[in-house]
Amino acid sequence: MLIAHTNLAKAGENPYPDLILQCLTYFMACYMPLFFVISGYTFKDKPGILRRRAVQLLLPYAKWALLYYALFLATSIFRGEIHPLYWCRMLAGSIYSRIDLFTSGAGHSLQLFPKGCEPLWFLTCLFCSYALYLPIHRAGPRMRTALVAAYTGTTLLVHHSPILFPWSLDTAFAGALFIYGGHLLAASQILNRLSAKSLLCAAVILPIYVWAVKSNGGSGGMYCREFGRLGWYAPVVFIVMGICGSYLWCIFCQILEKLRIVRLLSAIGEHTLLLLCSHMFIYLIVSMLAAACFSMWPALAKL
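Okay, so let's go over this structure. Please read all numbers here as calculations on a predicted model, not as lab measurements.

Looking now at the overall build of the protein chain. Secondary structure summary: the protein chain contains 11 helices and 0 strands in total. A compact globule built from 303 residues should have a C-alpha radius of gyration of about 19 Å, and the protein chain, at 20 Å, falls within 12% of that. The contacts in the protein chain between residues at least 6 apart in sequence include a share of 72% that link residues at least 24 apart. Split by element, the accessible area of the protein chain, about 16900 Å² in all, is 70% carbon and sulfur. Seen as two clouds, the 23 positive and the 10 negative side-chain charges of the protein chain have centres 10 Å apart.

With that out of the way, let us pick up unusual backbone geometry. Even without glycine at this site, S97 takes up a positive phi of about 65 degrees. Checked against the element boundaries, S97 lands in the loop between α4 (84-96) and α5 (121-138). The exposure class of S97 is buried, given its relative accessible area of 0%. Its identity as a non-glycine residue notwithstanding, S168 has a phi of 55 degrees, on the positive side.

Another point: the packing of aromatic side chains. Taken as a whole and assessed by the stated rule, the structure comprises 16 aromatic pairs. A centroid spacing of 5.2 Å and a plane angle of 90 degrees characterise the contact between F43 and Y133, whose relative ring orientation is edge-to-face. One end of the pair, F43, is in the loop between α2 (31-41) and α3 (49-79); the other, Y133, is in helix α5, with 90 residues separating them in the sequence. Assigned by exposure class, F43 and Y133 land together as buried. Seen from their ring centres, F227 and F238 are 5.2 Å apart, and the 50 degrees between their planes marks the pair as tilted. Here the residue F227 occupies a position in the loop between α8 (196-216) and α9 (234-256), and F238 occupies one in helix α9, the gap between them amounting to 11 residues. No difference in accessibility class separates F227 from F238, as the two residues are buried. Among the aromatic residues, those joined into a ring-pair cluster are F35, F36, W121, F122, F178, F227 and F238. In this structure, R53 packs its charged tip against the face of Y130, placed 4.7 Å from the ring centre.

Our focus in this paragraph is the packing of α8 against α9. Contact geometry for α8 and α9: axes closest at 8 Å, N-to-C directions at 140 degrees. One way to sum up the angle between α8 and α9 is to call them oblique. Between α8 and α9 lies a crossing whose hand is left-handed. Of the residues belonging to the contact of α8 with α9, the class tally is 19 nonpolar, 4 polar and no charged.

Inspection of the secondary structure assignment puts T75 in helix α3. The spacing of T75 and C253 is 178 residues in sequence and 42 Å in space, taken between C-alpha atoms.

Calculation notes
In this numbering scheme, every chain counts its residues from 1 along its sequence in written order. Local features are withheld for residues below a pLDDT of 70 in this predicted model, meaning they are given only at 70 or higher, and side-chain atom pairs are given and counted only at 80 or more; totals for whole chains, interfaces and linings count all residues. Neither water nor hydrogens contribute to the side-chain values; these are computed over all heavy atoms in the structure. Strands here are runs of E lasting at least two residues and helices are runs of H or I lasting at least four, both read from the DSSP assignment and numbered beginning at the N terminus. Each radius of gyration is computed over the set of C-alpha atoms, and the globule rule expresses the reference value as 2.2 Å times the number of residues to the power 0.38. Contacts are residue-level and defined by heavy atoms, with any inter-residue pair within 4.5 Å sufficient. Areas reported here follow the Shrake-Rupley algorithm with a probe of radius 1.4 Å; residue values treat only the protein chains shown as occluding. Charge assignment: positive for Lys and Arg, negative for Asp and Glu; neither His nor the chain ends contribute. Where a charge lies is defined by one atom per residue type: Lys uses NZ, Arg uses CZ, Asp uses CG and Glu uses CD. We call a residue buried when its accessible area falls under 20% of the maximum for its residue type, exposed when it is over 50%, and partly exposed in between, using a 1.4 Å probe and counting protein chains only. Each Phe, Tyr or Trp ring, with Trp reduced to its six-membered ring, pairs with another whose centre is within 6.5 Å; inter-plane angles below 30 degrees give stacked pairs, above 60 give edge-to-face pairs, and intermediate values give tilted ones. The rule is short: NZ of Lys or CZ of Arg within 6 Å of the ring centre and within 35 degrees of the ring normal puts a charge over the ring. Lines fitted to the C-alpha atoms define the axes, with helices restricted to the stretch that makes contact. Angles between their N-to-C directions range from 0 to 180 degrees. Each angle is binned into one of four classes, with values under 35 degrees roughly parallel, values over 145 roughly antiparallel, values of 65 to 115 roughly perpendicular, and all other values oblique. Crossings are sorted by hand: turned counterclockwise from the far helix by less than a right angle, the near helix makes the crossing left-handed, and turned clockwise it makes it right-handed. Put simply, Ala, Val, Leu, Ile, Met, Phe, Trp, Tyr, Cys and Pro go in the nonpolar bin, Asp, Glu, Lys and Arg in the charged bin, and everything else, Gly too, in the polar bin.

Shown next, in the form of structure tokens:
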């Protein structure tokens, strides 16, 4: 996520060769579905689980959204940009929990989030995905199959809507399917330890993942409901890509388990929520400072 949001994988925005860009594209194509799959892999159904998820996800969302809105107001007043209607729109956007009201292909744009707090959409989306996944988890085999089919059909139906739904309800159905995929991986126990069987499955899954990423145009974007370029069935390929890529990521992490760098990554992982909510704002501050330095010392921009 941290690498993806630096836009390193976008051609024309960095000095890296095409081969490295292609590797980054395949490496990061499933970074967002991975969060949902891991959530399903570690999911335990206990009494009051949805209430606990609300405390874990919605309470931090409210705190961070309020903080960013206060910073937005303070910055606007400091700059002398007094636009009450715009302020109200940003406040409504914080409640709506979407970066924009429209998809990128709608031909319209209506920004709803102040700059820096864009990743907060994930918290409400994950909560809605949990709420949609619970009926699947608690249903019998036939009803579970029917719900999976219904969620897939719903994802296909809303795929072409130009309006992004509040709290990512349009992408939460796909999120619930990713969580279910993670639960199936946990139930199969194939990822309990690195084995010849798990590596063989990875070898089978790898070409499927490469095909899905290449044919669907990369990672897409759950935040704006962009599932790819394959038309009406792009969401299905996106779901397959997300689950396959998440499995490969798990195998990759198991291979790295014995390396020292894993300790550092594990320590970073203990602060996932803080990193999720703050990293785009930090990037924004760093880019502003860098732009100021480059304007004062143009020679730095050539480094």
